[in-house]
Amino acid sequence: MRGVGGLVVVGWFEDIESVSSTIMAIFNGKFMPEALSLVTGDSATNLVREIAGDSMPGESSSGNPVAVFARCAGGSPAVARQVDELTSLYGSEMATGMEVLDGSDADRSWDSLAPSAAPDLSLRATLKPSDALKLASDLGASAVPPANLILHAGYGTLVANWDGVADETAGTIHLTATEMTRGYGVNALWERCPALIKQDIDVWGIPRPELAIARRLKEQFDPRGTLNAGRFMGKI
């Protein structure tokens, strides 16, 4: 997601909860940035290290900051007001550091959101922004190893990536993250996962109440299960 023009206000915090509070305050504020994203993991760590230096002042107890990116756009007076409001908000929400980026630095900050290499596991889910923030917190706290998260808050689109995981660990992560996502009433779209896991994923997602009717129709009109067996919802 490349920024074009405007300024990017980056703030980093000790935990997802602090960033979630900041993002909700932005939602309830006087304006909405052109783009607004939460980032954890290597992308956040590398960018904060580049901005703040190797000392990374105010890093979290885990050693990994959680960053929020807000892209401001509009005329010069409007952008200046947005920057003032965002930096004031970051300070009131106890950000451990912040920086205003422009030009190539702003572009590079957006480029850094994409993983440098394809992850072993990658989940995507889209839900209400408030629920997306809660799911990000759940995934960050519960999954082992922790996920690298990118949440495009304005759209409620959450991407969770995991690297360097064995197949058995990947299976545990898949089950845990899928159940967490279903708890919010949405499907988890697994964009990358090992073949052993992929073969057990129902591409139709969460079974709906209508599945019982579909099963009865299948039994009535195809009792031997010879027509496209296993290719419809519920693998009927």
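Before reading further, recall that the structure is shown in the block above.
The rules behind these values
Residues numbered from 1 in each chain as written. Predicted model: local features only at pLDDT ≥ 70, side-chain atom pairs only at ≥ 80, totals over all residues. Heavy atoms only, no water. Helix = DSSP H or I, 4+ residues; strand = E, 2+ residues; numbered from the N terminus. Buried < 20%, exposed > 50% of the residue type's maximum accessible area, 1.4 Å probe, protein only. Contact = heavy atoms within 4.5 Å. Areas by Shrake-Rupley, 256 points an atom, 1.4 Å probe, with all protein chains shown as cover. Lys, Arg positive; Asp, Glu negative; His and termini not counted. Charge placed at Lys NZ, Arg CZ, Asp CG, Glu CD. Polar contact = N/O pair within 3.5 Å; in protein donor to acceptor, adjacent residues only side chain to side chain. Pairing = 2+ DSSP bridges. Axes fitted to C-alpha atoms, helices over the stretch in contact; angles between N-to-C directions. Parallel < 35°, antiparallel > 145°, perpendicular 65-115°, else oblique. Nonpolar A, V, L, I, M, F, W, Y, C, P; charged D, E, K, R; others polar. Left-handed = near helix turned anticlockwise from the far one by under 90°. Phe/Tyr/Trp six-rings, centres within 6.5 Å; stacked < 30°, edge-to-face > 60°. Lys NZ or Arg CZ within 6 Å of the ring centre and 35° of its normal. Salt bridge = Lys/Arg side-chain N within 4 Å of Asp/Glu carboxyl O. Patch = residues over 30% accessible without salt bridge, like charges linked within 9 Å, V, L, I, M, F, W, Y side chains within 5 Å.

(A) Here's a closer look at the overall build of the protein. A count of helical and extended segments in the protein gives 8 helices and 8 strands. Expressed along its principal axes, the backbone C-alpha trace of the protein runs to roughly 70 × 35 × 30 Å. Here the protein holds 236 residues, and 42% of them are scored as buried. Within the protein, residue pairs in contact and separated by at least 24 positions form 73% of the contacts whose partners lie at least 6 positions apart. Accessible area for the protein stands at about 12,400 Å²; split by element, carbon and sulfur atoms hold 52% of it. Within the protein, one finds 19 positive and 29 negative side-chain charges whose respective centroids are separated by 12 Å.

(B) Structural detail: the side chain of Ser 109. Topologically, Ser 109 is positioned in helix H4 (residues 103–111). Separated by 2.6 Å, the side chain of Ser 109 and the backbone oxygen of Ala 106 make a polar contact. The residues contacting Ser 109, other than those within four sequence positions of it, are Val 8, Leu 47, Phe 69 and Leu 101.

(C) Molecular detail of the sheet that holds strand S8 (residues 189–192). If you walk across this open sheet you meet the 8 strands as S4-S1-S3-S2-S6-S7-S5-S8, and the pairing is antiparallel. Only two strands of the sheet have a single neighbouring strand rather than two, namely strand S4 (97–102) and S8. Across the sheet, the axes of successive neighbouring strands diverge by a mean angle of 15°, strand direction being ignored. Here strand S2 (residues 35–39) runs beside strand S6 (residues 148–152); their pairing, made up of 3 bridges, is antiparallel. Within the sheet, the bridge partner assigned to Val 39 lies in S6 and is Ile 150. Running at roughly 0° to strand S1 (residues 7–13), helix H3 (residues 76–92) makes contact with S1, strand S3 (66–72) and S4 of the sheet. Strands S1, S2, S3 and S4 of the sheet are contacted by H4, whose axis makes an angle of about 115° with S4.

(D) Layout of the packing of helix H1 (residues 16–27) against helix H5 (residues 129–142). Remark: H1 packs on H5, axes separated minimally by 10 Å, with the N-to-C direction vectors making an angle of 170°. The pairing of H1 with H5 is recorded here as roughly antiparallel in orientation. Contacts between H1 and H5 involve Ile 16, Glu 17, Ser 20, Ile 23, Met 24 and Phe 27 from the former and Pro 129, Ser 130, Leu 133, Ala 136, Ser 137 and Gly 140 from the latter. Partitioned by chemical class, the residues of the contact of H1 with H5 number 7 nonpolar, 4 polar and 1 charged.

(E) Layout of the packing of H5 against helix H6 (residues 167–182). Between H5 and H6, the least distance of the axes is 10 Å, while the angle of their chain directions is 155°. The pairing of H5 with H6 is recorded here as roughly antiparallel in orientation. In terms of crossing hand, the pair formed by H5 and H6 is right-handed. On the side of H5, the interface is formed by Leu 135, Asp 138, Leu 139 and Ser 142, while H6 contributes Ala 177, Met 180 and Thr 181. Of the residues that constitute the contact of H5 with H6, the class distribution is 4 nonpolar, 2 polar and 1 charged.

(F) Structural context of the side chain of Lys 218. Turning to its location among the elements, Lys 218 is positioned in helix H8 (residues 211–221). A polar atom in the side chain of Lys 218 sits 2.7 Å from the backbone oxygen of Leu 227. The residues contacting Lys 218, other than those within four sequence positions of it, are Pro 223, Gly 225, Leu 227 and Ile 236.

(G) Representation of the packing of aromatic side chains within the structure. A complete count under the given rule lists 3 aromatic pairs for this structure. Directly above the ring of Trp 110 sits Arg 71, whose terminal nitrogen or CZ lies 5.2 Å from the centroid.

(H) The arrangement of the pattern of salt bridges in detail. Inspection of the entire model under this criterion finds 6 salt bridges. In this structure, the salt-bridge partner of Arg 124 is Glu 191, at a minimum N-O distance of 2.8 Å. Of this pair, Arg 124 sits in strand S5 (residues 121–126) while Glu 191 is found in strand S8, placing the two residues 67 residues apart along the sequence. Where Lys 218 meets Asp 222, a salt bridge forms, and the shortest distance between an N and an O atom there is 2.8 Å.

(I) Quick peek at unusual backbone geometry. A positive phi angle, close to 65°, is found at Met 94, a residue other than glycine. Tracing the backbone shows Met 94 in the loop between H3 and S4. Judged by relative accessible area, Met 94 falls into the exposed class, the value being 66%. In this model, Asn 228 sits at a positive phi of 50°, which is unusual for a non-glycine residue. Residue position: Asn 228 is located in the segment after H8.

(J) Spatial organisation of a negative patch on the surface. Residues Asp 42, Asp 120, Asp 163, Asp 167 and Glu 168 make up a contiguous surface patch of negative charge. By the element assignment, Asp 120 lies in the loop between H4 and S5.

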